[in-house]
Amino acid sequence: MAMAEEAGMFVVHQTIGTVLCCKCGIPMQPSAANMCVNCLRSEVDITQGLRKQVIIVHCPECDSYLMPPKTWIKCRLESNELLTFCWNKVKNTDFKKNKIRGVHAEFIWTEPHSKRIKVRFTIQKEVLANAIFEQKYIVEYVQHEGMCDSCSRVQANPDQWVAVVQLRQHVSHRRTFFYLEQIILKHDAAARAITVKQMSEGIDFFFANRSHAIKFVEFVGKVAPVKSRHDKQLVSHDLKSNNYNYKYTFSVEICQICREDLICLPLKVAASLGNLGPLVICTKVTNTIALMDPLTLRHCFLDAERYWRTPFQPLLTCRQLVQYYVIDVKIVSSEVNVGGSSYTAADVEVARLADLGTVLYAKTHLGHLLKPGDYALGYDLYGANTNDAELGKYRGLNLPEAILIKKSYEETRQKKRGKPRPWKLKSLNMELDEPKSRVEQEKVNSDYEQFLKDLEENPDLRFKISLYHNREYQPSEMGTVTDGEDVPSVPLEELLADLDLSDKEVEDYCMEE
Amino acid sequence: MMSGFCVGLQFENSCEIGVFSKLTNAYCLVAIGGSENFYSIFESELADVIPVVKTSIGGTRIIGRLCAGNKNGLLLPHTTTDQELQHLRNSLPDQVVVQRVDERLSALGNCIACNDHVALTHTDLDRETEELIADVLGVEVFRQTIAGNILVGSFCAFSNRGGLVHPHTSIEDLDELSTLLQVPLVAGTVNRGSEVIAAGMTVNDWTAFCGSDTTATELSVIESVFKLREAQPSAIVDEMRKSLIDSYV
């Protein structure tokens, strides 16, 4: 008929007549079975042979349901995942066997504590030779309680760890770890860690699962130049089922080069980098090390693999920074963009604050920042007694008298000492070592303070981490005395409002607004 | 003799009795079954009035679907053996012309549906067969389809009083067929919703026989459309005799 219509032929309009249902006699439109729906329903029950009660196992600790043989699926009551779970449970066994097609499923409300889940399924089946019959029926899922494997393991020994990642950096300060802590917090990389422990020269992360530890190691490898190795230790084994339980250890070592370090490159490395002047400053450490020659403004990148092939140590680190007073600045060249930041080569006359009598001449890359009368921090090569083997290998090397690293805001900071900052950082929940001696504790505190100052001074450091609004901060009533030069601070737009779900704090926050 | 309306027939556990029997106003053909039950029911209903003949066609028992006939004649497929042909010629009354038809479509019962005046045939029937039908059965022949099916002999059953067709027949088709056949038609089912009408029942002007699965609703429909309640066999047979006598004179 349809073909005739398409062909353009005249087709008589067909009206469907009514026949009587062969059982009950009511007039109805002819159907494949020629019985009215009610008679068909009374005649045929396609739910015959389907289970109306199904048992499912639920873990009360982690609210997940067992999909045999071993998978546990986490789903909340009346969620889509639970519906899919219930559907799959019935589909593979009952529906396939009886050649039934499931069309629709929905939950029926049950009391949450009743341990029963009811689902109404709409199913279709072919009945009486090419009549498709649709019927709804209810399946009741009885929930039995049973702990899943991971929860029972945790219950037995909550401190049990399977894998540990030991991050180490053999330097005398903890700046890298402060920074890493913030990055880890931002990316939530330590979410799966059972415990985090602070050790000397590093941090230990304990995980319940080897794959979590591997993921963490890979994450660290992306943010810092690292070298890692792994080992495992047999804890127990079951001869019958050939199950072996291990404890895995990942040793991750971060390279010793940090930002603002002065490095004397070994001969081979300098040659491979195109004869970069043996004295370089490290400007940035991510998963590559950015090195810059302050005298020639040349720069290069060293990635982790290359570094670890021929590892080298810094000549002078941040602890050896000395304060300088800038007497005169003479700009030599125009502003150059080196690896994302701009520098200007300049000749400077400086004097150490400790020894204002001796005037030192040096070349620096900070020409765009320094003006006469400024303070700067740098390495005192004039007075330093360096014992580096590499330095000795260079013949005819003229060491500069001073290498300036950064501008110092120490004097202006004096005025703001003691005042809280308008922003704060979150910290990881770490188990600390036994309390160290007071000297060491002070060192750590000053390191942290230095880290915060670094954050204020360097916008690109801030870029990678999250800063939060400090509720306790009250802007001071008296106007800050501007000295022509403000202490660098974090602009308000960069701060994130800390999400707080308690009522009281919300009120406070609203009032603050 | 009360009008018969027999239900609950089974031929060897099958309720498709129209396959194994052929009922017309002048004779009745019945297949040779395992037990005599089938035959005895027909006999008890019809024995006094018309001859009930046990036969096979082409060695098969599906005689209802292989032959087509009315009171004037009987058409048999080319697969009929000579013995069967002779047997039928002998058993049936003389005014019934028994003819073997050479036709590609050999299931004549499926292809031809007829009463004493009109016949509906399969659309692909040969021209010669059509002429033969008109001659032997003395009917007007129309090529038709019923609810889009070309096997008209299977999907409808009609007598001189009324007819039952495939349930999916549209109203326009029903009207058209009704005008052609000049009898009231109704769309319905037989044997609990089966659409193959002629296989499930067999009917003439005063009796009908239905398979065992037929429901009460279907029975009432059949009863009303074939007007079986008022039918008196003797009256009809007398009418036939009258016409015969008339012809003498």
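Residues numbered from 1 in each chain as written. Chains lettered and ligands numbered in written order. Predicted model: local features only at pLDDT ≥ 70, side-chain atom pairs only at ≥ 80, totals over all residues. Heavy atoms only, no water.

Draft legend 1. Broad picture of empty space enclosed by the protein. Residue and element names in this part refer to chain B. Tallying each qualifying case throughout the model produces 1 cavity of 30 Å³ or more. Approximately 320 Å³ is the volume found for the largest cavity. Looking at the largest cavity, it is lined by 28 residues, and the ones nearest its centre are Lys22, Leu23, Cys114, Phe158 and Val203. Secondary structure elements with two or more residues in the lining of the largest cavity: β2 (21–23), β8 (112–114), β11 (156–158) and β14 (201–203). The residue makeup of the lining of the largest cavity, split by class, is 10 nonpolar, 13 polar and 5 charged. (1 Å grid on protein atoms, 1.4 Å probe; cavity = no way out; pocket = protein on both sides within 12 Å on 5 of 7 lines; lining within 4 Å. Points joined across faces, edges and corners; volume = space filled by probe spheres on them. Helix = DSSP H or I, 4+ residues; strand = E, 2+ residues; numbered from the N terminus. Nonpolar A, V, L, I, M, F, W, Y, C, P; charged D, E, K, R; others polar.)

Draft legend 2. Examining the nonpolar core more closely. All names here are of chain A. Formed by 49 residues in total, the largest nonpolar core has its most connected members in Phe121 and Tyr141. The element best represented in this core is helix α3 (residues 80–97), accounting for 6 residues. When neighbours within four sequence positions are excluded, Phe121 is seen to be in contact with Cys86, Trp87, Val90, Phe95, His104, Ala105, Gln135, Lys136, Tyr137, Val139 and Tyr141. Judged by nonpolar contacts, the second largest core, of 40 residues, contains Tyr179, Val196, Leu452 and Leu455. (Core = buried A, V, L, I, M, F, W, Y, C linked by side-chain atoms within 4.5 Å. Buried < 20%, exposed > 50% of the residue type's maximum accessible area, 1.4 Å probe, protein only. Contact = heavy atoms within 4.5 Å.)

Draft legend 3. Main features of the pairing of strand β13 (residues 243–254) of chain A. Residue and element names in this part refer to chain A. As paired elements, strand β9 (residues 163–168) and β13 share 6 bridges and run parallel to each other. The residue of β13 that forms the bridge with Gln166 is Ser251. Sheet topology places strand β12 (residues 226–238) next to β13; 12 bridges connect them, and they run antiparallel. Looking at the pairing, Ser236 lines up with Asn245 of β13. Counted along the chain from β12 to the antiparallel partner β13, the turn is 4 residues long, and its residue Asn242 has a positive phi close to 55°. (Pairing = 2+ DSSP bridges.)

Draft legend 4. The interface of chain A and chain B, seen in detail. Every contact between the two is made by 20 residues of chain A and, on the other side, 17 residues of chain B. Overall, the association of chain A and chain B removes approximately 1,300 Å² of surface from exposure, summing both partners, and the carbon and sulfur fraction of that is 51%. Summed over the shared surface of chain A and chain B, the result is 0 salt bridges. (Buried area = accessible area lost by both parts, 1.4 Å probe. Salt bridge = Lys/Arg side-chain N within 4 Å of Asp/Glu carboxyl O.)

Draft legend 5. Representation of the side chain of His365 of chain A in the model. As for its position among the elements, His365 of chain A is in the loop between β23 (355–364) and β24 (375–380). Excluding anything up to four places from it in sequence, His365 of chain A contacts Ile281, Met292, Pro294, Leu297, Tyr343, Thr344, Ala345, Leu404 and Ile405 of chain A.

Draft legend 6. Expanded view of the packing of aromatic side chains. Inspection of the entire model under this criterion finds 17 aromatic pairs over all chains. Residues Phe11 of chain B and Phe20 of chain B carry aromatic rings whose centres are separated by 4.1 Å and whose planes lie at 20° to one another, so their mutual orientation is stacked. A relative accessible area of 2% means that Phe11 of chain B is categorised as buried. Phe20 of chain B sits in the buried class, given a relative accessible area of 13%. An aromatic cluster is defined as three or more aromatic residues linked by ring pairs; in this entry it consists of Phe11, Phe20, Phe38, Phe42 and Phe209 of chain B. Between Arg210 of chain A and the ring centre of Tyr248 of chain A, over which it is positioned, the NZ or CZ distance is 5.0 Å. Cation over ring: Lys232 of chain A sits above Tyr246 of chain A, and NZ or CZ is 4.8 Å from the ring centre. (Phe/Tyr/Trp six-rings, centres within 6.5 Å; stacked < 30°, edge-to-face > 60°. Lys NZ or Arg CZ within 6 Å of the ring centre and 35° of its normal.)

Draft legend 7. Focus on the confidence of the model for chain A. Residues and elements named next belong to chain A. Put simply, chain A has an average pLDDT of 81, and 88% of its residues get 70 or more. Summarising per-element confidence for chain A, the mean pLDDT is lowest in helix α13 (residues 503–512) (43) and highest in β9 (93). Residue range residues 477–485 is modelled with pLDDT below 50. Its contacts to residues more than four positions away, or to other chains, number 6 contacts. Of the regions scoring below 50 in pLDDT, residues 502–513 engages in 7 contacts with residues more than four places distant in sequence or in other chains. (pLDDT = per-residue confidence, 0-100.)

Draft legend 8. Quick look at the sheet that holds strand β14 (residues 262–264) of chain A. All names here are of chain A. Judged by pairing direction, the sheet is antiparallel, and its 5 strands sit side by side in the order β17-β16-β15-β14-β18 without closing on themselves. Sheet topology places β17 (298–303) and β18 (314–316) at the edges, where each strand pairs with a single neighbour. On average, each strand axis in the sheet is tilted by 40° relative to the strand beside it, whichever way the strands run. In this structure, β14 lies alongside strand β15 (residues 279–285), joined through 3 bridges in antiparallel fashion. (Axes fitted to C-alpha atoms, helices over the stretch in contact; angles between N-to-C directions.)

Draft legend 9. View of unusual backbone geometry. Of note, the bond from Pro68 of chain A into Pro69 of chain A is cis; its omega dihedral lies within 30 degrees of zero at 5°. Relative to the helices and strands, Pro69 of chain A resides in the loop between β4 (64–67) and β5 (71–74). In this structure, Leu297 of chain A is a non-glycine residue whose phi angle is positive, near 60°. Mapped onto the elements of the fold, Leu297 of chain A is located in the loop between β16 (288–293) and β17. For Glu12 of chain B, which is not a glycine, the phi torsion comes out positive at approximately 50°. In this fold, Glu12 of chain B is placed in the loop between β1 (5–9) and α1 (17–20). Its relative accessible area of 43% is what places Glu12 of chain B among the partly exposed residues.

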